[in-house]
Each structure stands twice: as C-alpha cells, then as structure tokens.
Amino acid sequence: MRLELSRVLQQCRRGVLLDLGLGGEHRMELPGCLLYTRCGTVPHLTHHTLCTLKHLPAVTQITLDSLAEHQEVLEEFQEGVGRFAGLKDTVIFSSLHDSAAPHPPGYSTNKTVSVWGSGGRIELTVAQYMALQKAIRPHWYQSMADGDTRQPNATRKKVCRAVDRTLSHLDECLSLHLKTEELRGTEIFGVVEGGGVLEERVRSARETAKRPVGGFVLDGFHTEAMSQELRGQLVAAVIKELPEDKPRVLLGVGHPDEVLACVEAGIDLFEGFFPFQVTERGCALSFSYTLDPDPESTVFERNGTEVEEIPEHREGENVEIQEQMTRFEINLKDKRYQDDFRPLVVGCGCYCCRNHQRAYLHHLLMTNELLAGVLLMVHNLEHYHGFFCSLRGALESDRLDALKRTVLQGRV
Ligand SMILES: [Zn+2]
C-alpha cells in the first residue's frame, strides 16, 4: 500500500492510496468513505442493485459485531469473507464495532473485548481476535482495542487504562500477525484511544506511531461522545503525532458538517454508516453539495425542496424520527409527500430518483413495503458518496470554503 498526496492545504489532504488488495489492483481516492456493510452485505441491496451506483467506494468495511458468530463457518470455508459474501472486486477493512448499532459499554477487561451479534455477546482474547481475522482474511484490519471510554463521563484513570490496554493488545496482535501465514500481505491498523483527555490522546498516538502499522484508526470520536469543538482539538493534536505517509481512518463520524471539519483536521477516511441510519428512519438525504450549479437547475432545486418545519403536535413514531433527524435529510413518512410527484432530489442520477417519486416512496413506507428500504438506500448511498466526490473536487480547486457554505445550508 502506498499513499500519494497530490495536495495538502494546512492539515487537509487530497491524495490516493495505491497498490491496494493482495494483487495491488485497487486504488482509493482520499478523502473518502468506506462502503458500509452488515454481515458482509450492504443492507437492503443485492450485488445487482449495488452495481447501479456510480460512486462505489473501493474499500468495504465489515465488522466483527456481525461476523464473529460465523467464525466456524468461515474457518470451514477457508477462503475468507470476500469470497464467502460475494464482495468481489473490493478491498476489505475489518473493524471491531458496527457504528450504526449500539453496544453496551463496560465489558472490556485487561485480556478481552466483547462484540455483539444477533446471538448476543461474544468475548474475544487477542488469540481469538486474531483467529477470527485469520478466518475473515481482510486486506486491512484494526488491531484489538479498548474503546470503552466513549462515554462523556469516563474518568482520566479509565482513559489511561484504555490507552495502556490498547497498546498492549496491539503489540500482541503484531506478534501474532507476523506468525500467521494467512495474514501475509494484510495491513494492520493501530488504534488511537484516549477519550476526551488531550494528554492521553497524544500519548496513544505517539506510542502507536512507533509500531510497524499500515495505518491508524482514530476511535472514540463518535458524534454522541463529544462536541465538534473538542473533537477538532483532539484530532488536530493526534494528527501531529502521526506520520504523513499512512492513512488515518476516523470511526463514528458521519454527518456531512462533521466530516468536513475532520477533513480540515487531517482525516483521510470515514465510515459509511450515516446513509444507512437515514434510510432506517424512512428519510432521504437532500443536502446540497453541488459546487457548479447550472443556474437554471438551481432555481429548480431551490423550489424543489423546502425546509421542513416541525409541527407542534406529532404522534408516535414521527416524534422519534424527528428527534433523530439531521438537517441533511427529509422525512418521507411525512404526510406532505403524499401527493408530491417530484423525485427525492431533483437532478439526482440514482435509480430511485430517475424512476420514482416522493409520493411513491411515501406510499411504500406507509404500507411497510421492503422496497422502500431498497430505494432509499440506493439514493442515500449515491448522495453520500457523491458528496465525497464533490469534496475531493473542492480540495483540488481550492474551494472547500464554498462547499462548506453550501453543505451547512442544509437542504437546498
Ligand atoms: Zn437519488
């Protein structure tokens, strides 16, 4: 794996990862996001529907949360999860937790971490963790880490212990990694922990950078764990300690405004769970990220989507959706879309927007048809991946500020 930077503005990096995959046949543009999967498949989509998307990321993320319980099957199969799940033609990054699924804290010990599958909790020692990676055969994987410090009230002592544990897990993983024939050619990523404590973040980054890792995973910066301001300060401090020639993956951050701030702080790769969360609440991404709007279609777009005001009286499920919703999306379950015959986003080239209307999506959601999830996922992925594409274009043409203004406006 080789990282080539074509443009660096302060901390902001535009570049490409080359020679990826075992045969070195893949490349990944930076900054970028990973393709989100659960149990080795993109939720709602078959390989066929996935292939209708224009901007598919070159790296697919899988998580031990959903795969750990299938270890025996994968061991028996012997050819890794890529072949097993039909994830052809992609680089596979294996991480510990599914950022779109909650997992209860407090289960990390000096020797183990826990993951939660459909069958409940599975506790893993380093040896078991590495046996699992051996069965999965990813191209990249994160080393075992204690990420339990994500709660805002985590004490300094606890944070310090998590950093120590994570470093000791990394050393054990590295030693087993070298002895494992099946993981030859696979890159191991060191994990930076340290919760909200600046000194511990710096210590974790500095120590991890001393190890022979292929890249870095920045853990515990999740949206719910800290403010954007604190995240910005901590990420900037961590980045200073990391070498420039290795990629940095940030976990748990997906909202477009937060992504932009973290790219400015020096992050290269993000998880792709956000469009899935939007799909699950029956919403569609609709924020604007077009830098060179065609004047005519802009007028069209501006008339196309209006900001949703929140009515005073909401009942049942709608209240819950409104609480989770961000300003980057519209709620297709809302009655106002019942007779709205426009596409989700005017000008979007995805399968859903080319063929269907908001009113149809509203109907599918109201009648609990599975097709609603399929169509929303197609659009939301296309929209989100398109946003990253536009972000790279903005970095190349020095127009990140213009993109930020457009995105922060929210819906067009
Ligand atoms: Zn669309």
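Residues numbered from 1 in each chain as written. Predicted model: local features only at pLDDT ≥ 70, side-chain atom pairs only at ≥ 80, totals over all residues. Heavy atoms only, no water.

A. Structural view of the coordination of the zinc ion. At the metal site, the zinc ion is ligated by Cys 348 (SG), Cys 350 (SG), Cys 353 (SG) and His 379 (ND1), and these contacts range over 2.1 to 2.3 Å. In this structure, the zinc ion is surrounded by four donor atoms whose angles at the metal cover 100 to 117 degrees, and the resulting shape is tetrahedral. Written as a sequence motif, the donor arrangement for the zinc ion is C-x1-C-x2-C-x25-H. In this pair, Cys 348 is assigned in the loop between strand S16 (329-331) and helix H13 (351-355) and His 379 in helix H15 (residues 370-396), connecting sequence segments 31 residues apart. (Donors = N, O, S within 2.8 Å, 3.2 Å for Na, K, Ca; no water. Tetrahedral: all angles 85-135°; square planar, octahedral: opposite > 155°, others 65-115°. Helix = DSSP H or I, 4+ residues; strand = E, 2+ residues; numbered from the N terminus.)

B. Looking closely at the packing of helix H7 (residues 198-209) against helix H8 (residues 228-241). As a packed pair, H7 and H8 sit with axes 8 Å apart at the nearest point and diverge in direction by 25 degrees. Put simply, H7 runs roughly parallel to H8. Viewed along their axes, H7 and H8 form a crossing whose handedness is right-handed. The residues of H8 that touch H7, namely those facing Leu 198, Arg 201, Val 202, Ala 205, Arg 206 and Ala 209, are Leu 234, Ala 237, Val 238 and Glu 241. Grouping the constituent residues of the contact of H7 with H8 by class yields seven nonpolar, no polar and three charged. (Axes fitted to C-alpha atoms, helices over the stretch in contact; angles between N-to-C directions. Parallel < 35°, antiparallel > 145°, perpendicular 65-115°, else oblique. Left-handed = near helix turned anticlockwise from the far one by under 90°. Contact = heavy atoms within 4.5 Å. Nonpolar A, V, L, I, M, F, W, Y, C, P; charged D, E, K, R; others polar.)

C. Representation of the pattern of salt bridges in the model. For the structure shown, the criterion picks out 27 salt bridges. Between Arg 14 and Glu 396 there is a salt bridge whose closest N-O contact spans 2.6 Å. Placement of Arg 14 in strand S2 (residues 12-20) and of Glu 396 in helix H15 is noted, with a sequence separation of 382 residues between them. Residue Arg 14 is classed as buried on the basis of its relative accessible area of 9%. Across the pair Arg 342 and Asp 340 runs a salt bridge, and its minimum N-O distance is 2.8 Å. In this structure Arg 342 comes out as partly exposed when scored by relative accessible area, which is 25%. Overall, Asp 340 belongs to the buried group, its relative accessible area being 8%. The network of salt bridges with common partners includes Arg 14, Arg 27, Glu 29 and Glu 396. (Salt bridge = Lys/Arg side-chain N within 4 Å of Asp/Glu carboxyl O. Buried < 20%, exposed > 50% of the residue type's maximum accessible area, 1.4 Å probe, protein only.)

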